[in-house]
Amino acid sequence: QVQLVESGGGLVLDGSSLRLSCGASESLSGYATGWFRHAPGKEREFVAAFSRSGGTTYYGDSVKGRFTISRDTAKKMVYLQMNSLKPEDTAVYYCVAGRTVITSNIRNPNAYASWGQGTQVTVCA
């Protein structure tokens, strides 16, 4: 399985921006790649993802219009640009990848075989 390492988390103020990065141990060609987040006391939440072809992006309703997922396949990197951050965005953010993800399960965390260790994002009011 591909190994993933996130970076870029931190403590920011309400309304700030932050960019998360995710480096992969091998080519992400053929993988759906994306981000989930997990806040204390809540279930894991889908944030954003690329389809396996890379041609389609998906976003969770709570981040649509504020977050942007991108990737550089040559550098084996996936990014999450987060703008207009809110305190409710506070969570551990995980980079994910999966070879068998399809449209119907792209928002399901169980569809992804590879997870990074997570990076903490804290947004203060």
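You'll find the structure just up there.
All of these numbers come straight from a predicted model, not from anything done at the bench.

Sorry if this is basic, but what is going on with the state of the cysteines here?
Covalent bonding between the sulfur atoms of two cysteines defines a disulfide. All told, the structure shown has one disulfide when counted by the stated rule. With a sulfur-sulfur separation of 2.1 Å, Cys22 is cross-linked through a disulfide to Cys95. Disulfide Cys22-Cys95: torsion about the S-S bond near -80 degrees, hence left-handed. Note that Cys22 is positioned in strand S3 (residues 18-24) and Cys95 in strand S9 (residues 91-98), a separation of 73 residues in sequence. In this structure, Cys22 and Cys95 share a single accessibility class: buried.

It is not clear to me how the packing of aromatic side chains should be interpreted in this structure. Could you clarify?
How two aromatic rings sit relative to each other is given by the distance of their centres and the angle of their planes. What the rule picks out here adds up to four aromatic pairs. Relative to Trp115, the ring of Tyr94 lies with its centre 5.8 Å away and its plane at 65 degrees, an arrangement referred to as edge-to-face. With Tyr94 in strand S9 and Trp115 in strand S10 (residues 114-115), this residue pair connects regions lying 21 residues apart in the sequence. Here the aromatic cluster, defined as three or more aromatic residues joined through ring pairs, consists of Phe36, Phe46, Tyr94, Tyr112 and Trp115. Just above the ring of Phe50 sits the side chain of Arg71; from NZ or CZ to the centre is 5.1 Å.

I would appreciate a short explanation of the sheet that holds strand S8 (residues 77-82) in the present structure.
Pairing between sheet strands relies on hydrogen bonds along the backbone, with the strands arranged either parallel or antiparallel. As summarised here, the arrangement of the four strands in space is S1-S3-S8-S7, forming an open sheet in which the pairing is antiparallel. At either end of the open sheet lies a strand with only one pairing partner, and these are strand S1 (4-7) and strand S7 (67-72). With strand direction ignored, the average angle separating the axes of adjacent strands in the sheet is 15 degrees.

In this structure, what is going on with the environment of Leu18? I would like to understand it.
Along the chain, Leu18 turns up in strand S3. As for Leu18 and Lys86, which are separated by 68 residues in sequence, their C-alpha atoms are 11 Å apart. Ignoring anything within four residues of it in the chain, the contact list for Leu18 reads Gly8, Gly9, Gly10, Val12, Leu80, Gln81, Met82, Leu85 and Val121.

I'm lost on the nonpolar core in this one. Help?
As a rule of thumb, nonpolar side chains are buried together in soluble globular proteins. Trp35, Val47, Phe67, Ile69, Leu80, Met82 and Tyr93 are the most contacted members of the largest nonpolar core, which has 28 residues in total. Listing elements by their share of this core, those giving two or more residues are S3, strand S5 (45-50), S7, S8, S9 and strand S11 (119-124). Each residue touching Tyr93, except ones within four places of it in the same chain, is listed here: Glu6, Leu20, Trp35, Phe36, Arg37, Val47, Phe67, Leu80, Met82, Gly118, Thr119 and Val121. Counting residues in hydrophobic clusters, the runner-up holds ten residues, among them Ala32, Tyr58, Val101 and Tyr112.

Is there a simple way to explain the side chain of Ser51 in this structure?
With respect to the helices and strands, Ser51 occurs in the loop between S5 and strand S6 (57-59). A relative accessible area of 13% places Ser51 in the buried class. Filtering out sequence-adjacent residues up to four positions away, Ser51 remains in contact with Tyr31, Ala32, Thr56, Tyr58, Arg71 and Ile106.

Please clarify how unusual backbone geometry should be interpreted in this entry.
Most peptide bonds adopt trans geometry, and most residues besides glycine take a negative phi value. Look at Lys76: it is not a glycine, yet its phi comes out positive at around 60 degrees. Of note, the phi angle at Ser84 is positive, near 50 degrees, even though the residue is not glycine.

How do you make sense of the pairing of S1 when you look at a structure like this?
As a general feature of sheets, a regular strand has side chains that alternate between the two faces. Taking every second residue as pointing to the same face, the buried face of S1 carries Leu4 and Glu6, while none of Val5 and Ser7 on the other face is buried. Of the strand pairs in this sheet, S1 and S3 are connected by four bridges, and their pairing is antiparallel. The residue of S3 that forms the bridge with Leu4 is Ala24.

Cut-offs used in this document
- Residues numbered from 1 in each chain as written.
- Predicted model: local features only at pLDDT ≥ 70, side-chain atom pairs only at ≥ 80, totals over all residues.
- Heavy atoms only, no water.
- Disulfide = S-S within 2.5 Å.
- Helix = DSSP H or I, 4+ residues; strand = E, 2+ residues; numbered from the N terminus.
- Buried < 20%, exposed > 50% of the residue type's maximum accessible area, 1.4 Å probe, protein only.
- Phe/Tyr/Trp six-rings, centres within 6.5 Å; stacked < 30°, edge-to-face > 60°.
- Lys NZ or Arg CZ within 6 Å of the ring centre and 35° of its normal.
- Pairing = 2+ DSSP bridges.
- Axes fitted to C-alpha atoms, helices over the stretch in contact; angles between N-to-C directions.
- Contact = heavy atoms within 4.5 Å.
- Core = buried A, V, L, I, M, F, W, Y, C linked by side-chain atoms within 4.5 Å.

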